[in-house]
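# Structure at a glance
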Amino acid sequence: MDALRTAVLCACMAALGLTLAEGVLPVERFSRQIRLMFAALMMTVLLKPLTALHFTSLHTESQQTEDYRSEITDLAADAQAQAVSESILHALNQQLEARAIPCRVTGISAHISESGSIVINEVRVNGNLLTGAVCLREWLGSDVTITEEEG
């Protein structure tokens, strides 16, 4: 920010100086030379402070933004998987209760795949594991691991 402020200040001072020089010198005779000098001086004055700027901060900020974006995306995916697990747990317990099976689902390990489908890895149950496992395998498929929790 200081380099930009310095560049603007230098440009204003150079413009003021060259305007005074144009007023003192004969306009007709040296007009082209004064304009050429003015353009060269203005480019030098404007570009010199800008060459001192370090653009690594822009790269660092974009990298930090990308890191934050990645972190937020991961947190959102975890929250979504947790919400899906809770919803499935509630629905399974309702079905077990509706069929009067003395079994209760206490936990589900699930995630959402890249294609957007829900993958259930493990179901933890409490109660009658034999009857509960039969119903759960019927509803969820045979590749789901069903484990019994004590308590």
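The present account deals with the structure reproduced in this document. This one's a predicted model, so the numbers in the text were calculated from it and none came from an experiment.

Turning next to the overall build of the chain. Looking only at helices and strands, the chain features four helices and three strands. Per-residue burial over the chain gives 21% buried out of 151 residues. Considering only residue pairs separated by 6 or more positions, the chain has 41% of its internal contacts joining residues 24 or more positions apart.

The strand order across the open sheet formed by three strands is 1-2-3, and the pairing between neighbours is mixed. The open sheet is flanked by strand 1 (103-112) and strand 3 (145-148), the only strands paired with a single partner. The sheet shows a mean angle of 20° between the axes of neighbouring strands, direction not considered. Here strand 1 runs beside strand 2 (residues 118-127); their pairing, made up of nine bridges, is antiparallel. Of the residues in strand 2, the one forming a bridge with G107 is R124.

Let's shift gears to the nonpolar core. Counting residues in each nonpolar core, the largest one holds 18 residues, and the members touching the most others are V105, I108, I120, V123, V125 and L136. Looking at this core, the element that brings in the most residues is helix 3 (residues 56-98), giving five residues. Among residues more than four places away in sequence, those in contact with L136 are L92, V105, V123, V125, G141 and I146.

Right, let's talk about a nonpolar patch on the surface for a bit. Side chains of L9, M13 and L16 sit close together on the surface and give an oily, nonpolar patch of about 330 Å² of accessible area. For M13, the location among the structural elements is in helix 1 (residues 2-24). For M13, a relative accessible area of 54% puts it in the exposed group.

Inspection of the entire model under this criterion finds zero disulfides. Lacking any disulfide linkage, C103 is separated from the closest cysteine sulfur, that of C135, by 8.5 Å. Classification of C135 as buried rests on a relative accessible area of 9%.

This brings us to the side chain of S85. As for its position among the elements, S85 is in helix 3. Among the residues examined, S85 registers a relative accessible area of 7% and is labelled buried. If we ignore the near neighbours within four places in the chain, the residues touching S85 are I108 and A110.

Now for helix 4 (residues 129-140). Taken together, the buried positions of helix 4 are occupied by G132, A133, C135 and L136. Its side-chain oxygen at 3.3 Å from the backbone nitrogen of L130, N128 defines the N-terminal cap of helix 4. Once helix 4 ends, the next one or two residues include G141, with phi positive near 105°.

Calculation rules
Residues numbered from 1 in each chain as written. Predicted model: local features only at pLDDT ≥ 70, side-chain atom pairs only at ≥ 80, totals over all residues. Heavy atoms only, no water. Helix = DSSP H or I, 4+ residues; strand = E, 2+ residues; numbered from the N terminus. Buried < 20%, exposed > 50% of the residue type's maximum accessible area, 1.4 Å probe, protein only. Contact = heavy atoms within 4.5 Å. Pairing = 2+ DSSP bridges. Axes fitted to C-alpha atoms, helices over the stretch in contact; angles between N-to-C directions. Core = buried A, V, L, I, M, F, W, Y, C linked by side-chain atoms within 4.5 Å. Patch = residues over 30% accessible without salt bridge, like charges linked within 9 Å, V, L, I, M, F, W, Y side chains within 5 Å. Areas by Shrake-Rupley, 256 points an atom, 1.4 Å probe, with all protein chains shown as cover. Salt bridge = Lys/Arg side-chain N within 4 Å of Asp/Glu carboxyl O. Disulfide = S-S within 2.5 Å. Polar contact = N/O pair within 3.5 Å; in protein donor to acceptor, adjacent residues only side chain to side chain.

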